[in-house]
Amino acid sequence: MPTKKPRYTVIVDEELLKEIDDFRFENRYPSRSAATLALIRLGMKALKIEQE
């Protein structure tokens with residue numbers, strides 16, 4: 001099923017990919033995309049808190 005959400009590509013090194021995969025499996029995300037989105041959201045939330 002196609003999505004109308006915007007897409008973009010991120011290139012990471014092997015070490016960061018392993019960290020993303022570890023986070024994914026530890027937190028039972030269904031895909032790397034879902035895990036990456038969660039990490040981005042967590043990072044954005046932390047930035048907002050830090051800026052307040």
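Keep in mind that this is a model prediction, so the values were computed, not measured.

Criteria and cut-off values
- Residues numbered from 1 in each chain as written.
- Predicted model: local features only at pLDDT ≥ 70, side-chain atom pairs only at ≥ 80, totals over all residues.
- Heavy atoms only, no water.
- 1 Å grid on protein atoms, 1.4 Å probe; cavity = no way out; pocket = protein on both sides within 12 Å on 5 of 7 lines; lining within 4 Å.
- Points joined across faces, edges and corners; volume = space filled by probe spheres on them.
- Helix = DSSP H or I, 4+ residues; strand = E, 2+ residues; numbered from the N terminus.
- Nonpolar A, V, L, I, M, F, W, Y, C, P; charged D, E, K, R; others polar.
- Salt bridge = Lys/Arg side-chain N within 4 Å of Asp/Glu carboxyl O.
- Buried < 20%, exposed > 50% of the residue type's maximum accessible area, 1.4 Å probe, protein only.
- Patch = residues over 30% accessible without salt bridge, like charges linked within 9 Å, V, L, I, M, F, W, Y side chains within 5 Å.
- Areas by Shrake-Rupley, 256 points an atom, 1.4 Å probe, with all protein chains shown as cover.

### Digging into the layout of surface pockets
One number sums up the size of the largest pocket: a volume of about 710 Å³. Lining the largest pocket we find 15 residues, and of these Y8, S33, T36, L37 and I40 sit closest to its centre. Mapped onto the lining of the largest pocket, the elements with two or more residues apiece are helix 1 (14-26) and helix 2 (32-51). At 6 residues, the largest contribution of residues to the lining of the largest pocket is made by helix 2. A per-class count over the lining of the largest pocket returns 8 nonpolar, 3 polar and 4 charged.

### Some remarks on the pattern of salt bridges
Close approach of charged atoms lets side chains of opposite charge pair. Tallied over the entire structure, the rule returns 2 salt bridges. Put simply, D22 and K18 hold a salt bridge, and the shortest N to O gap is 2.9 Å. Of this pair, D22 and K18 both sit in helix 1, 4 residues apart, roughly one helical turn. Note on D22: relative accessible area 31%, which makes it partly exposed. For K18, a relative accessible area of 51% gives the class exposed. Here D21 makes a salt bridge to R32, at a shortest N to O gap of 2.8 Å. Here D21, found in helix 1, pairs with R32, found in helix 2; they are 11 residues apart in sequence, far enough to count as distant. Taking relative accessible area as the criterion, D21 reaches 15% and is therefore assigned buried. For R32, a relative accessible area of 39% gives the class partly exposed.

### Quick notes on a nonpolar patch on the surface
Taken together, Y8, V10, V12, L16, L37, I40, M44 and L47 make up a surface patch of nonpolar side chains, about 740 Å² in accessible area. Among the elements that take part in the nonpolar patch, helix 2 stands out by supplying 4 residues, more than any other. Within the secondary structure, I40 sits in helix 2. Taking relative accessible area as the criterion, I40 reaches 37% and is therefore assigned partly exposed.

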